[in-house]
Amino acid sequence: MLQAGKRQRQRYVTKVGKCQVNLGNIQEKKRFLSDIFTTIVDLKYRWFLFVFMMCYIVTWVVFGTIYFFDAWVRGDVGNRGDPEWPACIENIDGFVAALLFSVESQRTIGYGSRMVTANCTEGVILLMAQSIVGSMIDALMVGCMFVKISRPKKRAQTLIFSKNCVISQRDEQLCLMFRVGDLRDSHMVDAKIRAKLIKSRQTAEGEFIPLEQSELNLGYDTGEDRLFLVEPQIICHIINRRSPFWDMSAESLRREQFEIIIILEGIVEATGMTCQARTSYTEDEILWGYRFEPCMSLEKGAFRVDYSRFEMTFEVQTPAASAKELHELKELEQQEHSTLSLYWDHLLQPCALPGPVEDALPGLSVPGSRDELLERGGSA
C-alpha cells in the first residue's frame, strides 16, 4: 500500500520535463498585454494561428468598411460608371468591392480595376494608414511565426536522461548518479547541468514548508557541472556533509518522499538559441547498490556509443548504511588503528619508557608493568 501511494502521488515535473503547476486567480492579467510578443509566442499553435489570421482579417474588414463608407458618402457608389463623376475610389459599388480593394491595397496586389484617385484627400490618407498598419502587422506576425517555429523546445527531445538514478560507492564515497546523452551529431555548446531537491519539511518552530527547493551539488565548485556532451555522461552527486542525503540509508530511502529535478541547459549549435531539457526522479526511481553499464567501445579507429545499453545497470556490493554512518565507522576504525599503532610503537621500544606503561600511556588499557611487557614481547 505504501508503494501504491507513492506511485499515485503527484509529480512536480514529469519525466519529459513538463512542470505540473497550474496558475490560477491571476488578478492583473493586463501584465500579459505589456509583453504582447511573448504572450503571442507562448500561445498554443491553434490559438496562435487564430490570432495570426484574425489580425489580417480584422484590418481588411475595418479598412474595407471605411472605404465603403467614404465612397457611399461621396456618392461614388451611386455614380459608378459615370465618366464625368470625380470619384474618390473608382469601381466601388458595394461593401464586397470595398473589401476587395482593402485586401488588394494591404497585400499590394493591385489588379488595376479599383484605385484611389487624387480627387479626395481622405482616400490618400486612408491608403497611407493601411500601408503602415499592414507593415506593422507583417513585422509582428512574421517575427512571432519565425520565433515560434525556431524555438529550441523540440531540440530538448533529443537530449535523454536515464530512467533511474543509482547509488553506489565511487572512490570510497557514496554517490548518487544518473546518465545523460545527446542523440544528435550537432552538439550542445556550453552545456551545464544542475539539480534541485523538492521536499516538504517542517521547521523547528512548527512552520510547514511545502515543496522546498534545495540545491544538489553536481560539481559546481570543481567545474564538473560543465559538460562536453559528445557521448553519454554519468553525472555524480557526492553524498557528503553538505548533501541532503547525508543521513539517508537504504532503509530510510523507502520511507522518504522527495523529487529530484534535473535541468540541462546549453546553446544549440545550429541556431545559437538556449535550450533547456528537464526530467525528474522520485524516491522509488532510485536504485541502491547499482551502477550503469558502459555503453562506449572503440571500433575501427573511432569510439562507438551503443544507446541500447544506455538504461542498463548492474548490481554491486554497496553498504546499506548512510554516508554519515559510514563516515563515523571509518573515523572509528582510523582512531582504533592509530591507538594500536601507538601501543605497538611503545611495545617495541620499552627502554624508552620512563615508568610503567600505565603512566606513559594513561589512555591505553594495557595490563602489567614494563617487565611483564618485555616478557610477553620476548615470548612473542
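What counts and what doesn't
- Residues numbered from 1 in each chain as written.
- Predicted model: local features only at pLDDT ≥ 70, side-chain atom pairs only at ≥ 80, totals over all residues.
- Heavy atoms only, no water.
- UniProt positions renumbered as here; feature names shortened; annotations may be inferred.
- Helix = DSSP H or I, 4+ residues; strand = E, 2+ residues; numbered from the N terminus.
- Phe/Tyr/Trp six-rings, centres within 6.5 Å; stacked < 30°, edge-to-face > 60°.
- Buried < 20%, exposed > 50% of the residue type's maximum accessible area, 1.4 Å probe, protein only.
- Lys NZ or Arg CZ within 6 Å of the ring centre and 35° of its normal.
- Expected span 1.5 Å × (residues − 1).
- Contact = heavy atoms within 4.5 Å.
- pLDDT = per-residue confidence, 0-100.

- An unreviewed UniProt entry lists the protein chain under the name G protein-activated inward rectifier potassium channel 3, from Strigops habroptila.
- Here the protein chain is described in UniProt, under the heading Sequence similarities (unreviewed entry), as follows: "Belongs to the inward rectifier-type potassium channel (TC 1.A.2.1) family. KCNJ9 subfamily."
- Looking at the Subcellular location (unreviewed entry) heading of the UniProt record, one finds this comment for the protein chain: "Membrane".

1. Quick look at unusual backbone geometry
Phase 1: The phi angle at N91 is positive, at roughly 60 degrees, despite the residue not being glycine.
Phase 2: One non-glycine residue with positive phi stands out, namely T108, at about 55 degrees.
Phase 3: Relative to the assigned elements, T108 resides in the loop between α5 (95–106) and β2 (115–116).

2. A look at the packing of aromatic side chains
Phase 1: Tallied over the full model, the rule gives ten aromatic pairs.
Phase 2: Both rings, one in F178 and one in Y281, keep their centres 5.9 Å apart while their planes meet at 40 degrees; by these two values the pair is tilted. With a gap of 103 residues between them, F178 in strand β5 (residues 173–182) and Y281 in strand β11 (residues 274–282) connect regions that are remote in the sequence.
Phase 3: Residue class for Y281 comes out buried when judged on its relative accessible area of 0%.
Phase 4: By the ring-pair criterion, three or more aromatic residues cluster together here, those being F48, F52, Y56 and W60.
Phase 5: For K148, the ring lying beneath its charged end belongs to F48, and the centroid distance is 5.8 Å.
Phase 6: Over the aromatic face of F310 sits the side chain of R179, whose NZ or CZ is 5.4 Å from the ring centroid.

3. Some points on helix α4 (residues 45–74)
Phase 1: In a regular helix each residue adds 1.5 Å, so 30 residues correspond to 44 Å; α4 covers 44 Å between its end C-alpha atoms and thus fits that length.
Phase 2: For α4, every residue scored as buried is listed here: F48, Y56, T59, F63, G64, Y67, D70 and A71.
Phase 3: Looking at the buried side of α4, the elements it contacts are α3 (36–41), β1 (89–90), α5 and α6 (121–149).
Phase 4: Remark: G75 follows α4 within two positions and exhibits a positive phi of approximately 90 degrees.

4. Some details on the environment of T313
Phase 1: As for its placement among the helices and strands, T313 is situated in strand β16 (residues 313–315).
Phase 2: On the basis of relative accessible area, T313 is assigned to the partly exposed category, the value being 24%.
Phase 3: Taking the C-alpha atoms as reference points, T313 and N164, separated by 149 residues in sequence, lie 9.2 Å from one another.
Phase 4: Apart from residues lying up to four places away in sequence, T313 is in contact with V166, L287, Y290, R291, F292 and E293.

5. Points about the confidence of the model for the protein chain
Interpreting fine coordinate detail is not advised for predicted regions of low pLDDT.
Phase 1: Across the protein chain, the average pLDDT comes to 84, with 88% of residues at 70 or higher.
Phase 2: For the stretch residues 1–6, pLDDT sits under 50, and the model shows eight contacts to residues farther than four places along the chain or on other chains.
Phase 3: Within the model, pLDDT remains below 50 along residues 357–380, and this stretch shows 22 contacts once partners closer than five positions in the same chain are excluded.

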